[in-house]
Amino acid sequence: MWSPRTRNFFLAPAVIVLLGVGIFPLLFAVDVSLRDYQITKPALGFGWNNFANYLQVFSDPYFWGSLGRTFFFLILTLPVQFLLGLCIALLLYRKDWGFLRSVARVALVIPLATTPAVVGLIGRLIFDSDFGLANWIVYLLGGAKVTFLGDPNLALLAVAFMDTWQWTPFFALVFLASLTSVPHEAVEAATLETDRRWDLFRFVEWPYLLPGLTAVLILRTADAMKLFDLIFVMTRGGPGSATELISVYTQRVGFRVFDLGVASAMAVLSLVVTIVLARLYIRVFYRETE
Amino acid sequence: MLVIVATVFPFFWMVAASLKTRADVLAFPPVWIFTPTLDHYREALSRVDVARSLFNSLIIGTASTFLALLVGTPAAYALARWEWRGKREVWFWIISNRFMSPVVLALPFFLLARALGVLDNPWTLVAIYLTFNVPLVVWIVMDQFRAVPRELDEAAVVDGATPFIAFFRVVLPLATPGVVVSAILCFIFSWNELLYALVLTRAAARTAPVAATAFMSGYDLPWGEIMATGTMIVLPVIVFALLVSRHLVRGLTLGAIK
C-alpha cells in the first residue's frame, strides 16, 4: 500500500540490530574456529591453521563421548516426556472435571516457568545424598543410602528426571492445544464407525497431533544440544564427565581451558548437527502426514 | 490430581525448604510439618550480591524487552502490511535468530566484549538478549497486526496521517494484547538466561541465575539461603507466566528457552 521506502524504515532497525548481535558474532565464531585461538598462549598469534581445530575435535574422544551422551540423553528423555505428555493431554481433554482441569492447566505452567538454573538447585536438594527426598524414598523401599549425584550411572538419570519434570508439561500443553483443534464432526463420525478408543485416537486425533509433535521434537532436540543451565548447576558435568553433554563440554573447553578456536569449532559442529536433525524430523514426520 | 501433585511438588519442596530452619532442611527422614521462618530470606537479601543480582536481572530484563519492542514492532508491521519478493526469507531469517544456540554465540560475544572492554557490563547483556527477544516480538506481534483490518490504517492515511502516525495511533493500540504477551515472554526469557550471563559477567553485572550458581561450591552449603534465593528468582517468572499462560505454548514453540 505504501512505498517500499516506508517499509524499509519500519524494517531497518530490527534488521540492523539482528545483523549486529546475530550474524556478525556467528561469522566471527566461524572465523575463530579456523584459527589458533588460545587466550592463554598469545604467542601462537591467532593465525589460521588449516582446519587443525576441526581435526582436533574429530579425534577427541571426549567430544564424541559428550555427543554420544547428548543423544543418549535425548533417547532417554524424549519418549518418556512424549508419552507422559500425551497421557496428561488425553486425560485433561477427555474428563470434564471443570475446576480441577483448570487447576491442572495452571499447575502445568509452573515447571515450564521455573528458571532452569533453579531447576538445577531443586535437583540438588531432592537428590542430595544426606537428606534428599529421593534417598528417603529409597529408604522407605528398604534400600541403603544412594549418592545419586556422585554416581556416574545415576547422575545422568537424576538430571534426566529434572529435565522431564520441567518439560513434560510442554508436551502436554502442546498436545492439549492440538486436541482442541480436532473438529467435532470428525470425532462424531468416527464414534459412529467404531467404539474403540484406540481407533479414534489413531485415525482421527493422531494426524492433528503431528504438526505440534514435529515442532516439539525439533525444539527439544535443539534444546538438548544446548542444554546447559540445569546440568551446570546440578552436577557441573560430573562426576567425571558422566553428565557432560555437548554444550557443557564446549563451555568447559572455551572458558576453563580457554582454547577458543577448538571450542568454536565444536560450537559450529553442534550447530550443524542441530540443523541436520531438524531437517530429518521435518522429512520423517511430514511424510507421514501426507 | 496426580498430575497436579507431580508438577507442583518439586516447586513446593523448594519453597518449603526456604522456610525451614537449617536443622529441618537437613533432617532425615524429611520434615513435613514445621514452623516457617523468614530468616533465610533476610540472610539471602542481606548478602549484597543476591540483592544486587536480582536488581540487575530486573534492569537487564526490562531494558532488553523495551528495546526489543522498539525495533521489533515496526518490523512486525512491515511484515504484516507489505508484500514483496523475498519477504518470506526476511521473516525466516529474523525468526531463525532464535534457534541459535547460546553456546555457539557465547564465545564470539566473549571475545568481542573483551575487545571492546564491555565485559561485566549490564548493557552488554541487554544487547545480546536482543538476539532472542527481537524474533519473539516480531513473530507474536506480526500475528496480532494481521488481525487488525487493513482498512483502519488505510483510512487513517486517506485522512492525511503519515504511515508512522497510522502505525502508532491506530494499529499499535489495537494490537496491545499481543504486544503485552510478547513483552512478558521476553522478560521471562531474559530473566531465566544463564550461559551468556555466566560468561560475560563477574560481579557488577551478575544476574540472578548466576548468583544462584555461585552458591554451589564448597561442602557446607547454606541450603535455606539457596532455596530462598531460588524462590525469589522463580516467583516473578511464575506470576508473569500465569498471566500469559494461554499464550505461553505458542511463545515457547518458537524456541525455548533459552
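Residues numbered from 1 in each chain as written. Chains lettered and ligands numbered in written order. Predicted model: local features only at pLDDT ≥ 70, side-chain atom pairs only at ≥ 80, totals over all residues. Heavy atoms only, no water.

Trainee: Could you give an account of the packing of aromatic side chains, naming the residues involved and the relevant values?
Mentor: Taken as a whole and assessed by the stated rule, the structure comprises 37 aromatic pairs over all chains. For the ring pair A:F255 and B:F110, a centre distance of 5.1 Å and an interplane angle of 90° mean the geometry is edge-to-face. Of the two residues, A:F255 sits in helix 11 (residues 246–255) while B:F110 sits in helix 6 (residues 102–116), which places them in two different chains. Aromatic rings pair up to connect A:F9, A:F10, B:Y77, B:W82, B:F145, B:F164, B:F167 and B:F168 into one cluster. The ring of A:F203 has A:R202 lying over it, and the distance from NZ or CZ to the ring centre is 5.6 Å. Directly above the ring of B:W13 sits B:K20, whose terminal nitrogen or CZ lies 4.3 Å from the centroid. (Phe/Tyr/Trp six-rings, centres within 6.5 Å; stacked < 30°, edge-to-face > 60°. Helix = DSSP H or I, 4+ residues; strand = E, 2+ residues; numbered from the N terminus. Lys NZ or Arg CZ within 6 Å of the ring centre and 35° of its normal.)

Trainee: Pulling in residues and values, what's your account of the interface of chain B and chain A?
Mentor: Residue-level contacts link 91 residues of chain B with 83 residues of chain A. Contact with chain A buries area across many residues of chain B, yet B:F28, B:W82 and B:L107 alone supply 10% of it, more than any other trio. Counting every contact that joins chain B to chain A gives 0 salt bridges. The tally of links from chain B across to chain A stands at 5 residue pairs in polar contact (both at pLDDT 80 or more). Classifying every residue of the side of chain B that touches chain A by side-chain character gives 74 nonpolar, 10 polar and 7 charged. (Contact = heavy atoms within 4.5 Å. Buried area = accessible area lost by both parts, 1.4 Å probe. Salt bridge = Lys/Arg side-chain N within 4 Å of Asp/Glu carboxyl O. Polar contact = N/O pair within 3.5 Å; in protein donor to acceptor, adjacent residues only side chain to side chain. Nonpolar A, V, L, I, M, F, W, Y, C, P; charged D, E, K, R; others polar.)

Trainee: Describe in detail helix 13 (residues 223–243) of chain B, supporting the description with residues and values.
Mentor: Count 3.6 residues to each turn of an α-helix, and residues three or four apart come out pointing the same way. Residue and element names in this part refer to chain B. Between the first and last C-alpha of helix 13 there are 30 Å, a value that for 21 residues agrees with the 30 Å anticipated at 1.5 Å per step. Where helix 13 bends most, at V234, the angle is about 30°, and the proline P236 comes one to four residues later. With respect to burial, helix 13 is a largely interior element, 15 of its 21 residues being buried. (Expected span 1.5 Å × (residues − 1). Bend = angle between axes of the 7 residues up to and from the residue. Buried < 20%, exposed > 50% of the residue type's maximum accessible area, 1.4 Å probe, protein only.)

Trainee: Can you tell me about the pattern of salt bridges, naming the residues and giving the values?
Mentor: Residues and elements named next belong to chain B. Enumeration according to the criterion identifies 9 salt bridges over all chains in this entry. With a shortest N-O distance of 2.8 Å, R47 and E225 are connected by a salt bridge. Taken as a pair, R47 in the loop between helix 3 (39–46) and helix 4 (48–81) and E225 in helix 13 lie far apart in primary sequence, 178 residues in all. Note on R47: relative accessible area 34%, which makes it partly exposed. The exposure class assigned to E225 is buried, which follows from its relative accessible area of 10%.

Trainee: Please set out the UniProt feature "transmembrane region" (unreviewed entry) in chain A residue by residue, giving values where relevant.
Mentor: Residues and elements named next belong to chain A. Under the present numbering, the feature "transmembrane region" (unreviewed entry) in UniProt falls on residues 9–30, 71–93, 105–127, 156–180, 200–219 and 260–282. What you have in residues 9–30 is 100% helix and 0% strand, and the ends, taken at the C-alpha atoms, are 31 Å apart. Annotated as residues 156–180, this span is 100% helix and 0% strand, and its ends, taken at the C-alpha atoms, are 35 Å apart. (UniProt positions renumbered as here; feature names shortened; annotations may be inferred.)

Trainee: So what about a nonpolar patch on the surface? Which residues, and what values?
Mentor: Judged by side-chain polarity, A:F9, B:F164, B:I165 and B:F168 come together as a nonpolar surface patch covering roughly 410 Å² of accessible area. Looking at the nonpolar patch, the element that brings in the most residues is helix 9 (residues 163–174) of chain B, giving 3 residues. Among the structural elements, B:I165 can be located in helix 9. Judged by relative accessible area, B:I165 falls into the partly exposed class, the value being 40%. (Patch = residues over 30% accessible without salt bridge, like charges linked within 9 Å, V, L, I, M, F, W, Y side chains within 5 Å. Areas by Shrake-Rupley, 256 points an atom, 1.4 Å probe, with all protein chains shown as cover.)

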